[in-house]
Protein chains: 4
Amino acid sequence: MFLEKLKSEGLAHLSYMIGDGMEAVVIDPRRDIQCYLDIAAREGVRITRIFETHRNEDYVIGSVELAERTGASIHHGHALDFGYGEDVREGDTFECGALRLRVLETPGHTPESISLVLTDSNQGETPVGVFTGDALFVGDVGRTDLLPGREREMAEALHASLFDKLLPLGDQTLLYPAHGAGSVCGENMADREFSTLGHERAHNPMLQITDREAFVKCKLGEQHYVPPYFKQMEHLNQCGAPLLHHLPRPLPLSADDVAKRQEAGACVVDLRSAEAFAGAHIPGSLALPLDLLPAYAGYLLDYDTDLLLVAENVGAVEDAIARLVRMDYTRIAGYLKGGLGAWETSGRRFGHVDAINADDLDARLQSGDAPLLLDVRKHTEFKAKRLRGATHVFLGHLPDRLDTLARDRRVVTFCGSGKRAIVAASLLKRDGFDDVANAFGSMAACEAIGCATLETADNA
Amino acid sequence: MFLEKLKSEGLAHLSYMIGDGMEAVVIDPRRDIQCYLDIAAREGVRITRIFETHRNEDYVIGSVELAERTGASIHHGHALDFGYGEDVREGDTFECGALRLRVLETPGHTPESISLVLTDSNQGETPVGVFTGDALFVGDVGRTDLLPGREREMAEALHASLFDKLLPLGDQTLLYPAHGAGSVCGENMADREFSTLGHERAHNPMLQITDREAFVKCKLGEQHYVPPYFKQMEHLNQCGAPLLHHLPRPLPLSADDVAKRQEAGACVVDLRSAEAFAGAHIPGSLALPLDLLPAYAGYLLDYDTDLLLVAENVGAVEDAIARLVRMDYTRIAGYLKGGLGAWETSGRRFGHVDAINADDLDARLQSGDAPLLLDVRKHTEFKAKRLRGATHVFLGHLPDRLDTLARDRRVVTFCGSGKRAIVAASLLKRDGFDDVANAFGSMAACEAIGCATLETADNA
Amino acid sequence: MFLEKLKSEGLAHLSYMIGDGMEAVVIDPRRDIQCYLDIAAREGVRITRIFETHRNEDYVIGSVELAERTGASIHHGHALDFGYGEDVREGDTFECGALRLRVLETPGHTPESISLVLTDSNQGETPVGVFTGDALFVGDVGRTDLLPGREREMAEALHASLFDKLLPLGDQTLLYPAHGAGSVCGENMADREFSTLGHERAHNPMLQITDREAFVKCKLGEQHYVPPYFKQMEHLNQCGAPLLHHLPRPLPLSADDVAKRQEAGACVVDLRSAEAFAGAHIPGSLALPLDLLPAYAGYLLDYDTDLLLVAENVGAVEDAIARLVRMDYTRIAGYLKGGLGAWETSGRRFGHVDAINADDLDARLQSGDAPLLLDVRKHTEFKAKRLRGATHVFLGHLPDRLDTLARDRRVVTFCGSGKRAIVAASLLKRDGFDDVANAFGSMAACEAIGCATLETADNA
Amino acid sequence: MFLEKLKSEGLAHLSYMIGDGMEAVVIDPRRDIQCYLDIAAREGVRITRIFETHRNEDYVIGSVELAERTGASIHHGHALDFGYGEDVREGDTFECGALRLRVLETPGHTPESISLVLTDSNQGETPVGVFTGDALFVGDVGRTDLLPGREREMAEALHASLFDKLLPLGDQTLLYPAHGAGSVCGENMADREFSTLGHERAHNPMLQITDREAFVKCKLGEQHYVPPYFKQMEHLNQCGAPLLHHLPRPLPLSADDVAKRQEAGACVVDLRSAEAFAGAHIPGSLALPLDLLPAYAGYLLDYDTDLLLVAENVGAVEDAIARLVRMDYTRIAGYLKGGLGAWETSGRRFGHVDAINADDLDARLQSGDAPLLLDVRKHTEFKAKRLRGATHVFLGHLPDRLDTLARDRRVVTFCGSGKRAIVAASLLKRDGFDDVANAFGSMAACEAIGCATLETADNA
């Protein structure tokens, strides 16, 4: 008997595989499915069923790919008209050796959301654990804003799912959510990834709001961003994603190749660290450090444009490919062999971004000739704390807002730590902004040194 | 923030490593410590503290080894006079980033046993989990028979530890015991290795016996075996085991080498499958299939004798070395290169063991000329179910009981599946028994085909 | 610049991958192509060309599979009408960075055989190495018996290829043959796998026979076996093998499943060691220890029969699958989960094979009641050395010769070490022979102890 | 029978392990010896002998460490008074299964240098290969400048070793040198790492100079650098290096820790790419990108100073530790957890280095206000090609020459590609130079675009 959690870094997506005897079940598989096949081989089981807790919007689910390789059946909630798989309903029960999964309809995040209650038939009917999808996380609950016009209905449904269906499973129930800390599917997830319904009942902030109206009001007051790629994910996850068979292989390109393809319209995506991009980069390239890729590719990349990758090594290229494919970015033409050095030694021009220290920035903001301080954090972050005079544009929205920014003075890009700021800096430079500096350390540094220009929600 | 469970196969010993920020803590480390160092490197933490839930009796704890490599401090209960480390007492609290461990004295398995309550200081004082050592397992509780003359006292103490200290932590508490299914430290552990106090409160058979006297009576009625190597483990774990620095390397030996060393007194340990031993083996060798090694080496191997290993491949030799060293068997002279084939082609004589099918055995037992059926399972297994006329000698006690067995007729060795039986067969053959056959399939096969000679506790 | 040799164990097939700059070339790829893709990723190259030194007869070449994944072109000799790829001719030259490959037509093993001369354009035209396919090995040369009726022509062609084309490349030339020791494509290959043309010129026994007629006579005198699966390989390698995309996954089967499928005609292939098979096995199963599989599967397995695998662990199952697929045995229904123990504990009957020691065998052969001694080694081995009175049937021919063997007395199976003998024993038992014993150690043991019945080519 | 080459990246040091039967021999082991133990386990051999081709000066040899773990004996030339091991002399022969190693005294690089001729006793006395240490490489021969005052003697000795001892082994002999391309022990090694004596005889430029005087003159005319750490290496390799038992573990440090230790005198070594260092770095830190570390650490690091590492990830830290320890830099206090981001977000000040494009540099050099162009390549590189007006200081000598440079104008650091230049830039900035820019692309870029200020040996 085994239960294994598989985390897709970046998306912070959690899938699960459980098995007993000769069989196994996968819940919310990712698109690069080799990991499940490896576990199946190691444990000596066949994957016979795949469950989808809901139509995911932040990644392409791997159900169809996995079903094709294993012959497993696919199961999901009946409240959405899927183009593949089988519907399940409240109370449907599935066995896997001595393990048993019972369907609980838990709408709220989406109408067709289900949870799966795990019991061990060797030990009665008391729930051992529950796979909650995007209904309940460690430290947070699911978003209810994804169906325009139905926000109230969804928030009410989530309240019922949480308080009338999930919590009654009992404090002893292990919690297995579909996302961990770092996901775009929740703001306040805990860093700790192991919990129980009992612990959440006691400490999850949203579960303290038992009153339905108060809960709904709180959910309606939340402001989440909706990356444009969600549309593509929703489409693929409803209709069934095309089969991949294999991840694209990393193909080397020369500096010459990269230059020609870039001219022909391909997008150069620079996966290196913010500091490396600042030091030197291919003019016109987009900075998208590997760990930011899952969160911002969906805003900044286009499904119809070829991608050219720049990285420190092939391992990073392979990681990026897996992450891109999980979001259906499959037009990956190759990577610059030899990294940026190959570009530099080819004699082609490179760009760079100035770096500005927090104390210098603070001084400058207080001086007569303050730069345009462009803060690209989320609305909630900006509201809580900011530097005086900062202009706020959320990073995901920046491409559409570039025309609103003055081009005649230095722009300092700014975020929580300086990482998202480099993405912003690359967007500005690509759009022709001349004088761009990046505030490495950004808000964290400003707080650490106590900038005079620091404003909080309270003192503002 | 991370929590990782590390399982030592065979012993079914579970150790844990938790970390947050720059620090990590290891609970009940094993002696081959590289796994902890690897996690520390991957997670970017220093191991600063090591906890021992109790003086273990079934393996050499790796605390001293790990402390030497990392500079970590060692902590254990004060109710035993350890030769190293520091005492902790009820309520002592240790921080590791945002994680906090609080000491709970939970005597019963041993007087100095402690549990460690895990809380997340980001989320109040509600216990997240508890490391229970050998006090509470999934599906069972700890043995209380290890201190001769103090069995009642220990059983009472365990009752108090379970009902007055552990269960009050709350149903939501994740359970992290020191052993999983397969350990010699408990008979009835569940195959499932994830649970909570709430689930155990509802289903752990021993936690249903809330009445103290009934509980004590039940514990006193248990019959456990005590492998002789426990003495060595207790000694080392109280005084502090000598440093190893490295596991012994697998050294190849020729058939000639093996023969000479065996003549000089070394013990040939055959790690291959029961079937392979039956097919052909070195005369005088001890069958100890790799997965039985942790459970029976402690009865059958001697600390003062060199060991010569026979296996199918070097991987199995390396596994065996790790398992032996965990039990302090470090006199490993080498392994037969080329496996048994090297012995066979050298022209030296080999032995073999006959195999007997369950239906043939059943028929023979009903005939006039029944063989001596030697059942080497545990007392409890034998009591529950056996073949008519079987002689019971527990495998661990067989070396001392060989003289009580008739040597003039065929002996059929028998157990649950035929595996332990092959160990018995090898002991008999080594002692000069001529006509030995092994009942592959053993009790499982007999039940499957419904042997006429099958007796159960009820029908007997 | 890199050159990597990849060995397929069992077949002792060697393929090569060389690369420089952005490109790489693969020579004689195997069918499970992931290894080449991994090297390409690590080295940052694209695989642009695939060379086949000849139409292989002992495995399915992976050219088509690899071409489909990489877009590489396939090249082979023009003297055969291939159903795919492009023809090359003497002197054709291909560049791969600074490396250069020049085609040398070297018929003899087959008419279309080519060699590829490697030069480093940084360092003149002196050959660095040569990929010789099956023309020249370390310690031996290729077979010339595969085209019935054209044996002389082929032997003459090989003589010319060796002495007029290959050796003139110079002593300094590194030798990269298509097979290493253990292949069915040559009897006398050296255990050492690194050599040069100069070293071979001095020591390869066949290269000492410079006289053409003497060479041809020697080749015509050779007696090689032709496994029936060669036909299938030749067909696939001429037409182009169907795409696999993935290796079959190891699928667990219960004892019940195995029994039912066996009854329905599937073939149980037991991959365990000879000793384990002797100890206990599924009645009717074929012993084919993993390391013998590539050499004998082609004689003993059928392309139209489902295969059921029995092994000690899943790793062995996965190895077997790769080896089987390389020979186009793709009907692999699954493996017995839990190994033979699962069969035994199910209560189903198992068989076993007696083991006989060399001294006992020798004595028995000298006695009045000698068993039928069935020696299944190759003709050349038997001719060189045998026990008195032995019956010789080459293992690969045994299925067709079973009816010629007496069934009324004990049969002792015999080979070089006892391994091939267990395969023979399993064939006999499957065919209903009652009394079969296996001579573990076989000829090696007999020589070691100096059997009285040992006859050599000289003393016979 | 196996022969395995093990390459230590960076140093481009090649060690070899050969084995047959039960034994193996290691030639010139490195200090982190686990790789040899792993091969020994895989191949089923004992390491019984260790050979040192000479007292190495560029790394700490692992002989003592390996001997301690395996019990192997150590062997080296008699012409130096070693503090450990055993002397060997011309003609001494050692067996390892069927392999045989014969000692050839081949002084020149050092007086005690030996080569080891490999023969296969299955195949006569013709040499199969030769381990040449630093006497002969692919494409180059060893340095003869390391014994002050004895340069001529050594050059003569090398001529004799090459022409009278090595080449006579025959063209067919495989060449196994102690270094590959990238080593500080030779300038002109080929990128290709497989060769034979025959191929070298034909193409190695130094082997074309058969005349002794011409050869000696050529050698005496060579100009090599001698990194100061060679002294330490020579000392340790003559006396025997202290045992390590384990590589230092990577220990995380906070920004605060790093700052405090740096103030207390520790040296911050930044292993990141040149671009990342330019983007932002810890003030006072030394840029030493991981792949430059082996070549320049020996000039720039001090044995008495604690090292603090900055890297993109723990993998790079571990690589750096291995490389540092091979050069005996063992005072590694830890690494900055979270990388440079942790420094930036702590609010501490960071530095950065401007980047200058080749065309801009060319234009500036032709203008009235040319910067100080500091070219830090090797003398030979500078002599062959340079930008007009450049100041040459070899990177290894820069720390001692900083006072000779003008501090009142911008300094542009320059090398072959911009990588070594960043190391120079970090040295300048650490020493207080204010205005430093790095020429990414450097000479390669200048050539690619055809700079007007480019001068070559010919046109200058």
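Residues numbered from 1 in each chain as written. Chains lettered and ligands numbered in written order. Predicted model: local features only at pLDDT ≥ 70, side-chain atom pairs only at ≥ 80, totals over all residues.

- If you check an unreviewed UniProt entry, chain A appears there as MBL fold metallo-hydrolase from Novilysobacter selenitireducens.

### Points about the UniProt feature "domain: Rhodanese" (unreviewed entry) in chain A
All names here are of chain A.
Part 1 of the argument: According to UniProt, the "domain: Rhodanese" (unreviewed entry) feature falls on residues 262–352 and 367–455.
Part 2 of the argument: Secondary structure over residues 262–352 splits into 40% helix and 16% strand, and the C-alpha atoms at its two ends are 18 Å apart.
Part 3 of the argument: Between the end C-alpha atoms of residues 367–455 there is a gap of 17 Å, over a span that is 34% helix and 20% strand. (UniProt positions renumbered as here; feature names shortened; annotations may be inferred. Helix = DSSP H or I, 4+ residues; strand = E, 2+ residues; numbered from the N terminus.)

### Details of the domain arrangement of chain A
Residues and elements named next belong to chain A.
Part 1 of the argument: Here chain A is partitioned into domain 1 (2–239), domain 2 (252–345) and domain 3 (354–456).
Part 2 of the argument: Between domain 1 and domain 3, the C-alpha centre-to-centre distance is 37 Å.
Part 3 of the argument: Counting residues at the interface gives four residues for domain 1 and five residues for domain 3.
Part 4 of the argument: Taken together, the residues that form the side of domain 1 that touches domain 3 break down as two nonpolar, one polar and one charged. (Domains from an automatic or database assignment. Contact = placed C-beta atoms within 7 Å. Nonpolar A, V, L, I, M, F, W, Y, C, P; charged D, E, K, R; others polar.)

### Details of the pairing of strand E13 (residues 267–270) of chain D
All names here are of chain D.
Part 1 of the argument: Of the two faces of E13, the one carrying Cys 267 and Val 269 and the one carrying Val 268 and Asp 270 are both buried.
Part 2 of the argument: Here E13 pairs with strand E15 (residues 307–310) via four bridges, running parallel. Its bridge partner being in E15, Val 268 is matched across the sheet by Leu 308.
Part 3 of the argument: With helix H8 (residues 274–279) bridging E13 and the parallel strand E14 (residues 286–287), this β-α-β connection has right-handed handedness. (Buried ≥ 20, exposed ≤ 12 C-beta atoms within 10 Å, placed from the backbone. Pairing = 2+ DSSP bridges. Right-handed = clockwise from strand over helix to strand, strands pointing away.)

### Points about the sheet that holds strand E18 (residues 372–375) of chain D
Residues and elements named next belong to chain D.
Part 1 of the argument: Across the sheet, five strands lie side by side as E17-E22-E21-E18-E20; this open sheet has parallel pairing. The open sheet has two free edges, formed respectively by strand E17 (354–355) and strand E20 (391–392), since each of these has just one partner strand.
Part 2 of the argument: With three bridges connecting them, strand E21 (residues 411–414) and strand E22 (residues 436–438) associate as parallel partners. Opposite Val 412, over in E22, you have Ala 437 as the bridge partner.

### Brief notes about the nonpolar core
Across soluble globular proteins, you tend to see nonpolar side chains buried next to one another.
Part 1 of the argument: Core analysis: the biggest nonpolar cluster contains 287 residues, and Leu 309 of chain B together with Leu 309 of chain C have the highest contact counts within it.
Part 2 of the argument: Not counting residues within four places of it along the chain, the set of residues in contact with Leu 309 of chain B comprises Val 269, Leu 271, Val 317, Ala 320, Ile 332 and Tyr 335 of chain B.
Part 3 of the argument: Formed by 229 residues, the second largest nonpolar core is a distinct cluster that contains Ala 295 of chain A together with Leu 175, Ala 316 and Ala 358 of chain D. (Core = buried A, V, L, I, M, F, W, Y, C linked by C-beta atoms within 7 Å.)

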